[in-house]
Amino acid sequence: MKPYFIALQAIVTREALRFIQQRGRFIAALVRPLVWLFVFAAGFRAALGLSITPPYQTYIQYETYIVPGLCGMIMLFNGMQSSLSLVYDREMGSMRLLLTAPLPRWWLLFCRLLGSTIISIAQVYTFLLIADLYGLRWPTLGYLTVLPALILTGLMLGALGLALSSFIKQLENFAGVMNFVIFPMFFLSSALYPLWKMAESSELLHDICAVNPFTHGVELIRFALHQQINLQSTLWVLLATLCFGALAIWGYDPARGMKRPRG
Amino acid sequence: MSLSVKGLSYAYGAKKALDDVSFDVASGTFCALLGPNGAGKTTLFSILTRLFIAQSGTIEIAGQDLSNKPLSALKQIGVVFQQPTLDLDLTVYRNLKYFAALQGLSGTYAENKIMESLEKMSMMERAGETVRKLNGGHRRRAEIARSLIHDPKVLLFDEPTVGLDAASRSAITKHAHALAEEGYTVLWATHLTDEMSPKDQLVILHQGAILANDKAKNITGDSSLTQTFLELTGAEA
Amino acid sequence: MPLLSNITKTTALALCLALPFSHAQAEEIWISNEKDDTISVIDVATLEVVRTIETGERPRGITFSHDHKVLYICASDSDAVQVMDPETGKILHDLPSGEDPEQFVLHPDNRHLYIANEDDAITTVVDVETRKVVAQIDVGIEPEGMAVSPDGKYAITTSETTNMTHWIDTETQELVANTLVDSRPRHAEFAAGGSELWVSAEIGGTLSVFDVESKAEKAKIEFEVQGVHPDRVQPVGFEFTGDEKTAFVALGPSNHVAVVNAETFEVEEYILVGRRVWHMAFNTDKSLLFTTNGVSGDVTVIDVAERAAVKTIKVGRFPWGAALRP
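Conventions adopted
- Residues numbered from 1 in each chain as written.
- Chains lettered and ligands numbered in written order.
- Predicted model: local features only at pLDDT ≥ 70, side-chain atom pairs only at ≥ 80, totals over all residues.
- Helix = DSSP H or I, 4+ residues; strand = E, 2+ residues; numbered from the N terminus.
- Rg over C-alpha atoms; globule rule 2.2 N^0.38 Å.
- Buried ≥ 20, exposed ≤ 12 C-beta atoms within 10 Å, placed from the backbone.
- Contact = placed C-beta atoms within 7 Å.
- Pairing = 2+ DSSP bridges.
- Axes fitted to C-alpha atoms, helices over the stretch in contact; angles between N-to-C directions.
- Expected span 1.5 Å × (residues − 1).
- Right-handed = clockwise from strand over helix to strand, strands pointing away.
- Parallel < 35°, antiparallel > 145°, perpendicular 65-115°, else oblique.
- Left-handed = near helix turned anticlockwise from the far one by under 90°.
- Core = buried A, V, L, I, M, F, W, Y, C linked by C-beta atoms within 7 Å.
- Domains from an automatic or database assignment.
- Nonpolar A, V, L, I, M, F, W, Y, C, P; charged D, E, K, R; others polar.

## Focus: the overall build of chain A
Turning to step 1, where the next piece is worked out: Scanning chain A from N- to C-terminus turns up 11 helices and zero strands.
Turning to step 2, where the next piece is worked out: Element order for chain A, N to C, with α for helix and β for strand: α-α-α-α-α-α-α-α-α-α-α.
Turning to step 3, where the next piece is worked out: Relative to a compact globule of 263 residues, whose C-alpha radius of gyration would be 18 Å, chain A shows 19 Å and is just as compact.
Turning to step 4, where the next piece is worked out: In terms of principal-axis extent, the alpha carbons of chain A reach across some 60 × 35 × 35 Å.
Turning to step 5, where the next piece is worked out: Classification of the 263 residues of chain A by burial places 46% in the buried group.
Turning to step 6, where the next piece is worked out: In chain A, the share of contacts with a sequence separation of at least 24, taken over all contacts with a separation of at least 6, comes to 79%.

Printed below as a string of structure tokens:
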């Protein structure tokens, strides 16, 4: 088992080093949710204090509502960004280097996935710290209980990115991923509005949101911040992680080939 | 036999990239795989490194069957890809350390191996420099050093001299020949005819099939290699 | 550091949870439901409604006798002050109250109840032992807010339409002073050891602080809730913490409770609660505050130290008054 963990450590460290070097990426990753929080949410401040839905026990400000959704947003962007870098890696060849290591592919992909998830989690905690300084707080224990939820959601979104990266042939196609994956996933979820509010405007919209795995990732984080487990969401996220993971392993199956080489 | 390829075929859909390719390379041999662009060299390398799996044929690396025992076989391979694969912002040492870990090597053992390999490629004094600061020739040498860390038996070099100036090219070619003399099996893909010596093994690949496989001097006879190559491939030079 | 204070809070909570049975009797908060004609009883330990008791029509102001043996209820539409045995929930008898009693206050002597009769512009004084009206004092139109000074010297009535605070000498049962406040005064409380009188003005959107000695206004507190139209910021009920250094002020349809520094008269925080927050009551150690939210039909529990809402409990329709039964 030892080589497995040596490789795991190396891959995670490399991801972390790359992330630290790209300071711009770190700042961008934080600025995005903070803009939503301070500009978008502040405008809607009192608009949502109308209904109490679990896990909340009392009326909440809209800002409080969207924080878990913004945590999800960080992880969503990060998952896609890491898939972007996978496509880039493949064009540059360092993906080849990784895949020729004498370890099973699923393990190598998992290491990559874990690396990007850990980076997502570091970003989420930084975001939560800033939110805390702004006055948006959760029970102290919630910051701990949210960790498994973040890991699971991060793995799910990372696996989605991984799966996508195995099917995207070129870097240029990535803009399409942004339009057709990130935005629908984010907007058609419970990140910005609770599902009951969606149901008020359209049943169909509500149903789409209810099957969106991202919704369940967000709900998982939301409940975990309040030291609660949302069983339904947990199952959804697990199922989605397995599906995306399987798709990624299939996508990277050597028997399928990668892409037509130019040489 | 250190590298043995038998009846290898691979097609992208209807288009055949490799058609019943077979050749052997013995230990301590420098084998040049010569072919024009599009001959199937990169496909062959992708299959040898198990990025793809061939539709038919077998590959043995240092006695290990690549499809039955892929991980043991991969352990015996050191690769330098055509595309650069170094992390530009990391030092040479860190890049090699990362690779060592992918091979399951760590601690002082890995450190010693890294130093040994760098020494072999006369790259010791560059260990602490970030890759971005190195010139093309040194980057390639760092990659060759990297391919040696885990003591592979077979070295696969896919057009490693592309984009280098003449001096760097000859230095690297010389290094590769030295490695073969040390006992490594070297498979060296190229489309340049001046990178091999007459006593090297030469495999000429054209449109996915092998046109010739022998000692270079036996293939060329009295004419120049360039001349022979052009004749064989019928290329419009 | 907020995280640190959270840790302290968690520890404190854990300690509280470890000693739940040290109280002989569970503390309760009693809530009158104006539209349901009921009282909802909330267990402070579990924060759940444990009993619902029928009352007369439109119960509003409620208060326990100082020994907590009986509960007085302003049953406005029954035109009566009802006296209830809190153990059994049975109405023992009615007190004569005058018409449409809305709010009242029990004198420190535990005997005289000062009742605001909204429709008659009268404050009625009832002796709860003889069950007789002792006095009726003419005050401004639509009297509502009632208070009595800690030394028992003054009783206060505020009149909604006249916009006045009426000072009643409890010896003579006569008006000794009238002071003007902002539009529609709703609630009055003595503060600072009885040296100050605070009066909330619902439409005026202010809280006036009077010096009891001179009966002059010494401060006026204004409120501003971010994202809420100023017209909806309507101060009504309010209460002071044990040290009287902090006041919690219900701001009606703004759905917020303001936290006011009672020494500097500055608003320090706004806490989101249910819709149209009206009155409130503390638990015994004043660590929790229970606000009645009329329109949303629930009670929000505020952690006093943290200044944060922790839970909202569904009660009857239009909860109005709140009282602690230790």
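## Quick look at the overall build of chain B
Turning to step 1, where the next piece is worked out: A tally of helices and strands in chain B yields eight helices and 10 strands.
Turning to step 2, where the next piece is worked out: The C-alpha atoms of chain B give a radius of gyration of 18 Å, which matches the 18 Å a tight globule of 237 residues would have.
Turning to step 3, where the next piece is worked out: Expressed along its principal axes, the backbone C-alpha trace of chain B runs to roughly 50 × 40 × 30 Å.

## Overview of the pairing of strand S22 (residues 256–261) of chain C
Residues and elements named next belong to chain C.
Turning to step 1, where the next piece is worked out: Most of S22 is tucked away: five of the six residues are buried.
Turning to step 2, where the next piece is worked out: Two strands pair when backbone bridges link them, and strand S21 (residues 246–250) and S22 are joined in this way by five bridges, in the antiparallel orientation. In the sheet register, Thr246 faces S22, and the bridge partner there is Asn261.
Turning to step 3, where the next piece is worked out: Between S21 and S22, which follow one another and run antiparallel, lie five residues, and Gly252 among them has a positive phi close to 50°.
Turning to step 4, where the next piece is worked out: Examined bridge by bridge, S22 and strand S23 (residues 266–272) share six bridges and lie antiparallel to one another.

## Section: the sheet that holds strand S17 (residues 196–201) of chain C
Residue and element names in this part refer to chain C.
Turning to step 1, where the next piece is worked out: A sheet is described by the order of its strands in space; here four strands give the open sequence S16-S17-S18-S19, paired in antiparallel fashion. The open sheet terminates on both sides in strands that have one partner only, identified here as strand S16 (185–191) and strand S19 (216–222). Looking at each pair of strands side by side, their axes are set apart by 20° on average, direction ignored.
Turning to step 2, where the next piece is worked out: Where S16 and S17 come together, six bridges link them in antiparallel fashion. From the neighbouring strand, Pro185 faces S17, where its bridge partner is Ala201.

## A short note on helix H10 (residues 213–225) of chain A
For the α-helix, the turn length of 3.6 residues means that residues three or four positions removed from each other point alike.
Residues and elements named next belong to chain A.
Turning to step 1, where the next piece is worked out: Taking 1.5 Å per residue, 13 residues should reach 18 Å; H10 reaches 19 Å between its end C-alpha atoms and fits that length.
Turning to step 2, where the next piece is worked out: Counting buried positions along H10 gives 13 out of 13 residues, so the element sits mostly inside the fold.
Turning to step 3, where the next piece is worked out: Gln227 sits one or two positions beyond H10 and adopts a positive phi of about 60°.

## What to know about the pairing of strand S8 (residues 185–190) of chain B
Residues and elements named next belong to chain B.
Turning to step 1, where the next piece is worked out: S8 sits mainly inside the fold: six of its six residues count as buried.
Turning to step 2, where the next piece is worked out: With burial as the criterion, each face of S8 is covered, one bearing Thr185, Leu187 and Ala189 and the other bearing Val186, Trp188 and Thr190.
Turning to step 3, where the next piece is worked out: In terms of strand pairing, strand S3 (residues 30–34) meets S8 through five bridges, oriented parallel. Within the sheet, the bridge partner assigned to Cys31 lies in S8 and is Leu187.
Turning to step 4, where the next piece is worked out: Pairing analysis gives five bridges linking strand S7 (residues 154–158) to S8, with the strands arranged parallel. If you follow Leu156 over to S8, its bridge partner there is Leu187.
Turning to step 5, where the next piece is worked out: Handedness of the crossover joining S7 and S8 through helix H6 (residues 166–182): right-handed.

## Focus on the packing of H10(A) against helix H11 (residues 231–251) of chain A
Residue and element names in this part refer to chain A.
Turning to step 1, where the next piece is worked out: With their axes 8 Å apart at the nearest point, H10 and H11 run at an angle of 130° to one another. One way to sum up the angle between H10 and H11 is to call them oblique. Seen along the crossing, H10 lies across H11 with a hand that is left-handed. When H10 is examined against H11, the residues Pro213, His216, Gly217, Glu219 and Leu220 are found in contact with a partner set consisting of Ser233, Thr234, Trp236, Val237 and Ala240.

## What to know about the nonpolar core
Turning to step 1, where the next piece is worked out: Counting residues in hydrophobic clusters, the biggest one holds 143 residues, and the most contacted among them are Val186(B) and Trp188(B).
Turning to step 2, where the next piece is worked out: Top element by residues in this core is helix H3 (residues 62–92) of chain A. It accounts for 14 residues.
Turning to step 3, where the next piece is worked out: When we break this core down by domain, the ones giving at least three residues each are domain 1 (3–76 + 152–233) and domain 2 (87–151) of chain B.
Turning to step 4, where the next piece is worked out: The next biggest cluster of nonpolar side chains, apart from the first, holds 84 residues, and it includes Ile42(C), Val125(C), Ala188(C) and Ala201(C).

## Looking at the environment of Thr126(A)
Turning to step 1, where the next piece is worked out: Mapped onto the fold, Thr126(A) is located in helix H5 (residues 105–134).
Turning to step 2, where the next piece is worked out: Through-space distance from the C-alpha of Thr126(A) to that of Leu30(A) is 8.0 Å; in sequence the pair is 96 residues apart.

## Things to note about the domain arrangement of chain B
All names here are of chain B.
Turning to step 1, where the next piece is worked out: Split by domain assignment, chain B resolves into domain 1 (3–76 + 152–233) and domain 2 (87–151).
Turning to step 2, where the next piece is worked out: Computed over C-alpha atoms, the centres of domain 1 and domain 2 are 24 Å apart.
Turning to step 3, where the next piece is worked out: Counting residues at the interface gives 10 residues for domain 1, matched by nine residues for domain 2.
Turning to step 4, where the next piece is worked out: For the side of domain 1 that touches domain 2, the per-class residue count stands at six nonpolar, three polar and one charged.

## Side note on the interface of chain A and chain B
Turning to step 1, where the next piece is worked out: The interface of chain A with chain B comprises 27 residues on the first partner and 29 residues on the second.
Turning to step 2, where the next piece is worked out: Where the side of chain A that touches chain B is concerned, the elements lending two or more residues are helix H1 (2–21) and helix H4 (94–99) of chain A.
Turning to step 3, where the next piece is worked out: Looking at the side of chain A that touches chain B element by element, the count peaks at nine residues for H1(A).

## Description of the sheet that holds strand S8 (residues 101–106) of chain C
All names here are of chain C.
Turning to step 1, where the next piece is worked out: Judged by pairing direction, the sheet is antiparallel, and its four strands sit side by side in the order S8-S9-S10-S11 without closing on themselves. Strands with a single pairing partner mark the edges of an open sheet, and in this sheet they are S8 and strand S11 (132–138). Strand-to-strand twist of the sheet, defined as the mean angle between neighbouring strand axes without regard to direction, takes the value 25°.
Turning to step 2, where the next piece is worked out: Strand direction decides the pairing type here: strand S10 (residues 122–127) and S11, joined by six bridges, are antiparallel. Note that in S11 the partner of Val126 across the bridge is Val133.

## Describing the arrangement of the chains
Turning to step 1, where the next piece is worked out: Contacts are most numerous between chains A and B, considering all two pairs of chains that are in contact.
Turning to step 2, where the next piece is worked out: Considering only C-alpha positions, the minimal separation of the non-contacting chain B and chain C is 37 Å.

## Some words on the environment of Ala240(A)
All names here are of chain A.
Turning to step 1, where the next piece is worked out: Following the sequence through the fold, Ala240 ends up in helix H11.
Turning to step 2, where the next piece is worked out: In sequence terms Ala240 and Leu70 are 170 residues apart; their C-alpha atoms lie 20 Å from each other.
Turning to step 3, where the next piece is worked out: For Ala240, the contacting residues outside a window of four places in its chain are Met156 and Pro213.

## A look at unusual backbone geometry
All names here are of chain C.
Turning to step 1, where the next piece is worked out: Although it is not a glycine, Asn163 adopts a positive phi angle of roughly 60°.
Turning to step 2, where the next piece is worked out: In this structure, Arg184 takes a positive phi of about 55° despite not being glycine.
Turning to step 3, where the next piece is worked out: Counting through the fold element by element, Arg184 comes out in the loop between strand S15 (174–180) and S16.

## Points about the packing of H1(A) against H5(A)
Residues and elements named next belong to chain A.
Turning to step 1, where the next piece is worked out: For the pair H1 and H5, interaxial distance at closest approach is 9 Å and the crossing angle is 40°. The orientation of H1 relative to H5 falls into the category oblique. Judged by the twist between their axes, the crossing of H1 over H5 is right-handed. Across from Tyr4, Ala7, Leu8, Ile11, Val12, Glu15, Ala16 and Phe19 in H1, the residues of H5 making contact are Trp107, Cys111, Arg112, Leu114, Gly115, Ser116, Ile118 and Ile119.
Turning to step 2, where the next piece is worked out: Partitioning the contact of H1 with H5 into residue classes produces 12 nonpolar, two polar and two charged.

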